[in-house]
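Spelled out from the first residue to the last, the chains are:
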Amino acid sequence: MASFEPCFGEYINCVAWSPFRPTVFAACSNAGSLYIYDLTQSKQKCIEAIKHENSSISVKLRSAQQIHFNPKQRNLVAVGYDDKFVRVYKLSKNLANKTKNDRAVLMSFLAE
């Protein structure tokens, strides 16, 4: 069993594994942040954190509720927020395309 805690004071609302990379998953938080993990790069820390930024002080903090990887365009991931707002993020080529050591890294991670 593994435990991932992206940021103190935030809790995770949703986690989704990439359908293209078995070592990549994303997590979204109550503070609206999106955290991307790649187990080939780090088995403990997220490799990318996208903090939700409010454009206006009058806009309340959005809580991220859902994550969905695009099944056809592998470099896109959508995050749904509690106020029905959806934001689509573009992933780097490294996160979207399978690498030759993904399976070996995942198997060694599961064996630990």
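Above this text sits the structure in question.
Residues numbered from 1 in each chain as written. Predicted model: local features only at pLDDT ≥ 70, side-chain atom pairs only at ≥ 80, totals over all residues. Heavy atoms only, no water.

Draft legend 1. Representation of the overall build of the protein chain in the model. Tallying secondary structure elements over the protein chain gives two helices and seven strands in all. In the protein chain, the succession of helices and strands from N to C terminus is β-β-β-β-β-β-β-α-α. The globule rule puts the C-alpha radius of gyration for 112 residues at 13 Å, and the 14 Å found for the protein chain is close to it. Dimensions of the protein chain along its principal axes, counting C-alpha atoms only, are 50 × 30 × 15 Å. Summed over all atoms, the accessible surface of the protein chain reaches about 7,100 Å², with 53% contributed by carbon and sulfur. On the protein chain, the mean spot of the 15 positive side-chain charges and the mean spot of the 9 negative ones are 9 Å from each other. (Helix = DSSP H or I, 4+ residues; strand = E, 2+ residues; numbered from the N terminus. Rg over C-alpha atoms; globule rule 2.2 N^0.38 Å. Areas by Shrake-Rupley, 256 points an atom, 1.4 Å probe, with all protein chains shown as cover. Lys, Arg positive; Asp, Glu negative; His and termini not counted. Charge placed at Lys NZ, Arg CZ, Asp CG, Glu CD.)

Draft legend 2. View of the pairing of strand 6 (residues 76–81). Among the six residues in strand 6, five count as buried, and that is most of the element. The sheet contact formed by strand 5 (residues 64–69) and strand 6 spans five bridges and is antiparallel. If you follow Gln-66 over to strand 6, its bridge partner there is Gly-80. The antiparallel hairpin formed by strand 5 and strand 6 contains six residues in its connecting segment. Pairing of strand 6 with strand 7 (residues 86–90) involves five bridges; the strand directions are antiparallel. Paired with Val-77 across the strands is Tyr-89, a residue of strand 7. (Buried < 20%, exposed > 50% of the residue type's maximum accessible area, 1.4 Å probe, protein only. Pairing = 2+ DSSP bridges.)

Draft legend 3. Up close: the sheet that holds strand 5. On the basis of which strands lie adjacent, the open sheet formed by three strands has the order 5-6-7 and antiparallel pairing. Two strands bound the open sheet, and with one partner strand each, they are strand 5 and strand 7. When the angles between neighbouring strand axes are averaged without regard to direction, this sheet yields 20°. (Axes fitted to C-alpha atoms, helices over the stretch in contact; angles between N-to-C directions.)

Draft legend 4. Broad picture of helix 2 (residues 102–111). Of all the positions in helix 2, only Asp-102, Val-105, Leu-106 and Phe-109 are classed as buried. Looking down the long axis of helix 2, one finds its buried residues gathered within 95° of arc, a one-sided arrangement. Pointing more than 90 degrees away from the buried face of helix 2 are the exposed residues Arg-103, Ala-104 and Ala-111. (Arc of directions from axis to C-beta.)

Draft legend 5. Spotlight on the environment of Lys-84. With respect to the helices and strands, the residue Lys-84 is situated in the loop between strand 6 and strand 7. Using a relative accessible area of 75% as the deciding quantity, one classes Lys-84 as exposed. Linking Lys-84 and Ser-42, residues 42 residues apart in sequence, is a C-alpha distance of 32 Å.

Draft legend 6. The arrangement of the nonpolar core in detail. Of all hydrophobic cores here, the largest spans 17 residues; its most connected members are Leu-34, Ile-36, Ile-67, Val-77, Val-79 and Tyr-89. Counting only elements with at least two residues in this core, the list comes to strand 1 (12–17), strand 2 (24–29), strand 3 (34–38), strand 5 and strand 6. (Core = buried A, V, L, I, M, F, W, Y, C linked by side-chain atoms within 4.5 Å.)

Draft legend 7. Structural detail: the sheet that holds strand 4 (residues 48–50). Pairing is antiparallel across the open sheet formed by four strands, whose spatial order is 1-2-3-4. The open sheet terminates on both sides in strands that have one partner only, identified here as strand 1 and strand 4. Taking the axes of each pair of neighbouring strands and ignoring which way they run, one obtains an average angle of 15° across the sheet.

Draft legend 8. Examining the side chain of Asp-102 more closely. When you line up the elements, Asp-102 lands in helix 2. Since its relative accessible area comes to 1%, Asp-102 is described here as buried. Polar contacts involving the side chain of Asp-102 include one to the side chain of Arg-21, which spans 2.7 Å. (Polar contact = N/O pair within 3.5 Å; in protein donor to acceptor, adjacent residues only side chain to side chain.)

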